[in-house]
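# Working through the structure, step by step
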Amino acid sequence: MTTKSAAAAARATVYGYPRQGPNRELKKAVEGYWKGRITADALRDTAAELRRATWRRLADAGVHEVPTGDFSYYDHVLDTSVMVGAIPARHRAAVEADPLDGYFAMARGTREVTPLEMTKWFDTNYHYLVPELGPDTVFTADSGKQADEFREALALGLTARPVLVGPVTYLLLAKPAPGVAADFEPLTLLDRLLPVYAEVLADLRAAGAEWVQLDEPALVAERSLAELNAANRAYRDLGSLTDRPKLLVASYFDKLGAALSVLAKSPIEGLGLDFTGPAAANLDELAAVGGLPGKRLLAGVVNGRNVWINDFEKSLSVLGTLLGLAGQVDVTSSCSLSHVPLDVTAEREIDPGIARWLAFAQQKTEEIVTLARGLARGTGAITAELAANRADLASRAGSALTNDPAVRARAAAVTDADSRRPQPYEKRAEAQRDRLGLPLLPTTTIGSFPQTTELRTARADLRAGRIDAAGYDKRIEAEIREVISFQEETGIDVLVHGEPERNDMVQYFAEQLVGYLATRHGWVRSYGTRYVRPPILAGDISRPAPMTVRWTAYAQSLTGRPVKGMLTGPVTMLAWSFVRDDQPLGDTARQVALALRDEVDDLESAGACVIQVDEPALRETLPLRARDHQAYLDWATEAFRITTGGVRADTQIHTHMCYAEFGDILPAIDALDADVISLEAARSHMRVADELAEAGYPREVGPGVYDIHSPRVPSTGEVVDLLRKGLGAVPAERLWVNPDCGLKTRGWPEVRAALENLVAAAREVRATLPAPAPASPTP
């Protein structure tokens, strides 16, 4: 195809789209089904209408080819496990009895069985359910969901492209099933899995699919020769099938690296590449491998993970270069648009001038269509759009919001001493033991308690003016009293105030920091039916007033036991926000850290002797390629230490992390220099405790013993077993007892029962431990 004809053929498409609906209809329907309020048929009807509305919206915007199969009740990786028949033995009976209830049992567990493990989807804040595989796994094809949803789109008269998780990525994301040797490599099952994918592809071809998209984001990380050979074999074999649709392999989140040559040479018909951020290197690397002559290229020039408007002129320049490198160039986003909110026009409380800097999924779709039109017809066809885009970019660059001289001067003045506590951990630990007087295996929770309907109603009433600030404050005080009373009665050692005033662990702080924008309707799926509204880090950051001191001090006034001050750390404030893309992340992290440092210092001055600075996103933000790890970890750990570096030795600093793989960042966890770290461990059966022990981690650890992402209430015996596993890795004098994560998504009945069992288990195990040796007399 000539360059001119390639440009004329340019079309717009997307990899995927937000699944929830404009008012989170999917969340409400799924949770309604769980509670027995609606039937399975009603749930299916809601889901089908949401899919149809999304496809119509995309087609009306000018998208030529809509994606199907990306919709999910809970998780698209779990959907893939169902598609290939990888059902864990403990869930088979439930799946056979009722496929829908069995599906949710794998996701959430039941009273009888535990769910699949959950972890982060690459370096995003989306969580997927980890496939469990072993040498005895037998795969069987079930293409019903994928084929049915494709036919739904066809029935609307649309051109559609089914989207599947690719076989290599699926296996690289999997883990050995319980009871399988830890060194088992799921990728060894590839030859067993490929015939199942071949069957699914044949079914989709029979349904009328011309193209099928196979997502292989795992290939953007550094891959061994064996893994690259597996990718080569997978797409050689699938590409050689005769009864199949055309294959488009999509990658995103970074450059493809060595896998680019493998895929470019394979007998597939199309390739999707990310050309944003670090992945912009794909442009030169595509040229270096000779391009994709005669093949289709999906050019991801619109950032699908952030909310800033596209630079049209820059993107058109990239697209123009790509025209000479592929047989057909289509315009798309860098990844699925499910990572951004739905529609910026719903945000009536954001200044209209600033809102013009923003693009959510609907606006990004419009950008993709505009760029495709400009590529196909020339820039004269989009003159007005180009002029408006230039003006909006200039407005943002020159805004006082993005340029605060005082904030920049303070950040520039930071020294190494500002990020170091004056005494080493050993001295601090001794001072903290004397001050706190805690028993062995001290119990605590991670911070939040259930966010009840009454609390959400109170916040809504405050916003609507139905109650005043004084009435709202009384409701929050009453909730704090209840939470403190319950913890004292249960026997928890280090208390929390329960965070009833907080809508979200990031948004709450963002709403009180200058430089952040909060949204009202900017929901993004984190996992299952859990949605968050990531705030927008739009400008230079400062803290005009204390944010948490009032409520922490009030809670402490109700009890003689220590109450933790609770903050979200600087890395997580970045990771769970839409960050500015006009300066290095490390510079932004330092600004946020200094604002949080002021809060930590005020909490200590108000009497807090334990302060928790949560960093659950430390691992998830780790770049996908090893070459970028150290630079990230350097500024990330520095930001945490700036936040906590000003407190005295006997103030105990906690941090918390959850649902990620920690083994490859253990030196960074050590570099945080926190006194106590709590981590997710229940679903992974205390694996992280063993990893910390093997790494020689010297500080106190709270590996979680209660999986809060499942409605199951663990028995006292289960918690005892987990604690004994933990004691096999961590000495009793350094082991804490706590849940995996905060409790805001759970209900009070299950929380009460689970925490009572947790405390009972700690007491049971504590009673079996030898008494600590008396302290040596001071000479």
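The structure reproduced in this document is the subject of the present report.

## Quick notes on the overall build of the protein chain
Looking only at helices and strands, the protein chain features 29 helices and 20 strands. Against the compact-globule benchmark of 28 Å for 779 residues, the protein chain has a radius of gyration of 26 Å, which places it among compact chains. Oriented by its inertia axes, the alpha-carbon framework of the protein chain measures out at about 85 × 60 × 55 Å. Burial analysis of the protein chain (779 residues in total) assigns 61% to the buried set. The long-range fraction of contacts in the protein chain, counting pairs at least 24 apart against all pairs at least 6 apart in sequence, stands at 80%. Approximately 28600 Å² of the protein chain is accessible, and the part contributed by carbon and sulfur atoms is 52%. Counting 86 positive and 104 negative side-chain charges, the protein chain places the centres of these two groups 2 Å from one another.

## Here's the deal with the nonpolar core
Core analysis: the largest hydrophobic core is formed by 118 residues, its most contacted members being Tyr170, Leu319 and Leu322. When residues in this core are grouped by element, the largest group, eight residues, is from helix H9 (residues 190-206). Setting aside residues no more than four positions away along its own chain, Leu319 makes contact with Ala299, Val301, Val329, Val331, Leu371 and Leu375. One finds Tyr508, Ile642, Trp748 and Leu758 within the second-largest nonpolar core, a separate group that totals 100 residues.

## Some thoughts on the side chain of His629
For His629, the position within the fold is in helix H25 (residues 629-644). Reaching out from His629, the side chain makes a polar contact with the backbone oxygen of Pro623 at a distance of 2.8 Å. When near neighbours in sequence (up to four residues on either side) are disregarded, His629 contacts Leu622, Pro623 and Leu624.

## Some points on the packing of aromatic side chains
For any two aromatic rings, the description comes down to two numbers: the centre-to-centre distance and the angle of the planes. Across all of its chains, the model carries 16 aromatic pairs by this definition. Between Trp34 and Phe104, the ring centres sit 5.5 Å apart and the planes meet at 90°, which makes this aromatic pair edge-to-face. Of this pair, Trp34 sits in helix H2 (residues 25-34) while Phe104 is found in helix H6 (residues 99-108), placing the two residues 70 residues apart along the sequence. Look at Trp34 and you get partly exposed, because its relative accessible area is 25%. A network of ring pairs unites the aromatic residues Tyr33, Trp34, Phe71, Tyr73, Tyr74, Tyr103 and Phe104 as a single cluster. Note that Arg296 overlies the ring of Trp211, its terminal NZ or CZ placed 4.8 Å from the centroid.

## Section: the packing of H2 against H6
Direction vectors running N to C along H2 and H6 enclose 100°, while the axes themselves pass 12 Å from each other. The angle between H2 and H6 falls in the class roughly perpendicular. Residues Val30, Tyr33 and Trp34 of H2 pack against Leu100, Asp101, Phe104 and Arg108 of H6. Its residues assigned to classes, the contact of H2 with H6 shows five nonpolar, no polar and two charged.

## Description of the pairing of strand S18 (residues 652-657)
The element S18 is extensively covered by neighbouring structure, given that six of its six residues are classed as buried. Across the two faces of S18 the burial is the same, with Gln652, His654 and His656 and Ile653, Thr655 and Met657 all buried. Of the strand pairs in this sheet, strand S17 (residues 610-614) and S18 are connected by three bridges, and their pairing is parallel. Bridge pairing in S18 links Val610 to Gln652. Following the chain from S17 across H25 to the adjacent parallel S18, one finds a crossover that is right-handed. Direction of pairing for S18 relative to strand S19 (residues 676-679): parallel, over a ladder of four bridges.

## Describing the pattern of salt bridges
Should the charged atoms of two oppositely charged side chains come close, the side chains can pair. What the rule picks out here adds up to 58 salt bridges. Between Asp473 and Arg550 there is a salt bridge, and its shortest N-O distance comes to 3.0 Å. Of this pair, Asp473 sits in helix H20 (residues 469-490) while Arg550 sits in helix H22 (residues 549-556), and the two are 77 residues apart along the sequence. On the basis of relative accessible area, Asp473 is assigned to the buried category, the value being 17%. Here Arg550 falls in the partly exposed class, since its relative accessible area comes to 48%. Here the salt bridges share partners, and the residues they tie into one network are Arg396, Arg408, Asp540, Arg580, Asp581 and Asp582.

## Focus on the environment of Pro739
Here Pro739 lies in the loop between helix H28 (716-727) and helix H29 (748-767). Spatially, the C-alpha atoms of Pro739 and Leu758 are 8.3 Å apart, while their sequence positions differ by 19 residues. With sequence-adjacent residues up to four places away left out, Pro739 is seen in contact with Thr444, Thr445, Ile446, Gly704, Val705, Tyr706, Ile708, Leu755 and Leu758.

## Section: the sheet that holds S17
The sheet built from five strands is open, its strands ordered S16-S17-S18-S19-S20 with parallel pairing. On the outer flanks of this sheet lie strand S16 (565-568) and strand S20 (700-703), each paired with one strand and no other. Shown here is a sheet whose adjacent strand axes are inclined to one another by a mean of 20°, direction ignored. The pairing of S19 with S20 spans four bridges and is classified as parallel. Residue pairing across strands places Val676 opposite Glu700, the latter belonging to S20.

## As for the sheet that holds strand S10 (residues 292-302)
Sheet strands line up and pair through hydrogen bonds in the backbone, either parallel or antiparallel. Judged by pairing direction, the sheet is parallel, and its seven strands sit side by side in the order S1-S5-S7-S8-S9-S10-S11 without closing on themselves. At either end of the open sheet lies a strand with only one pairing partner, and these are strand S1 (66-68) and strand S11 (326-333). Along the sheet, successive strands turn relative to each other by an average axial angle of 25°, direction set aside. Here strand S9 (residues 270-274) runs beside S10; their pairing, made up of five bridges, is parallel. In the strand pairing of S10, Leu271 is matched with Leu297.

## Remarks on the pairing of S19
Of the two faces of S19, the one holding Val676 and Ser678 and the one holding Ile677 and Leu679 are both buried throughout. Note on the crossover from S19 through helix H27 (residues 687-694) to S20: the handedness is right-handed.

## A closer look at the side chain of Arg597
Counting through the fold element by element, Arg597 comes out in helix H24 (residues 585-605). Although Arg597 is buried, it forms no salt bridge, and the closest oppositely charged side chain is Asp601 at an N-O distance of 4.3 Å. Among the polar contacts listed, one links the side chain of Arg597 to the backbone oxygen of Asp418, at a separation of 2.7 Å. Side-chain polar atoms of Arg597 contact the backbone oxygen of Ile642, separated by 2.8 Å. Beyond its immediate stretch of four places on either side in the chain, Arg597 contacts Asp418, Arg641, Ile642, Thr643, Gly645 and Gly646.

## Quick word on the environment of Ala153
Within the secondary structure, Ala153 is located in helix H7 (residues 144-155). As for Ala153 and Thr548, which are separated by 395 residues in sequence, their C-alpha atoms are 49 Å apart. If we ignore the near neighbours within four places in the chain, the residues touching Ala153 are Trp55, Val66, Thr68, Leu158 and Ala160.

## So, H7
Since the α-helix turns once every 3.6 residues, residues separated by three or four places project in the same direction. Look at H7: 16 Å from first C-alpha to last across 12 residues, which is about the 16 Å you get at 1.5 Å a residue. Buried residues belonging to H7 abut helix H3 (40-61), S1, helix H4 (76-83), strand S5 (160-165) and H9. A positive phi of about 80° marks Gly157, the residue just after H7.

Analysis parameters
Residues numbered from 1 in each chain as written. Predicted model: local features only at pLDDT ≥ 70, side-chain atom pairs only at ≥ 80, totals over all residues. Heavy atoms only, no water. Helix = DSSP H or I, 4+ residues; strand = E, 2+ residues; numbered from the N terminus. Rg over C-alpha atoms; globule rule 2.2 N^0.38 Å. Buried < 20%, exposed > 50% of the residue type's maximum accessible area, 1.4 Å probe, protein only. Contact = heavy atoms within 4.5 Å. Areas by Shrake-Rupley, 256 points an atom, 1.4 Å probe, with all protein chains shown as cover. Lys, Arg positive; Asp, Glu negative; His and termini not counted. Charge placed at Lys NZ, Arg CZ, Asp CG, Glu CD. Core = buried A, V, L, I, M, F, W, Y, C linked by side-chain atoms within 4.5 Å. Polar contact = N/O pair within 3.5 Å; in protein donor to acceptor, adjacent residues only side chain to side chain. Phe/Tyr/Trp six-rings, centres within 6.5 Å; stacked < 30°, edge-to-face > 60°. Lys NZ or Arg CZ within 6 Å of the ring centre and 35° of its normal. Axes fitted to C-alpha atoms, helices over the stretch in contact; angles between N-to-C directions. Parallel < 35°, antiparallel > 145°, perpendicular 65-115°, else oblique. Nonpolar A, V, L, I, M, F, W, Y, C, P; charged D, E, K, R; others polar. Pairing = 2+ DSSP bridges. Right-handed = clockwise from strand over helix to strand, strands pointing away. Salt bridge = Lys/Arg side-chain N within 4 Å of Asp/Glu carboxyl O. Expected span 1.5 Å × (residues − 1).

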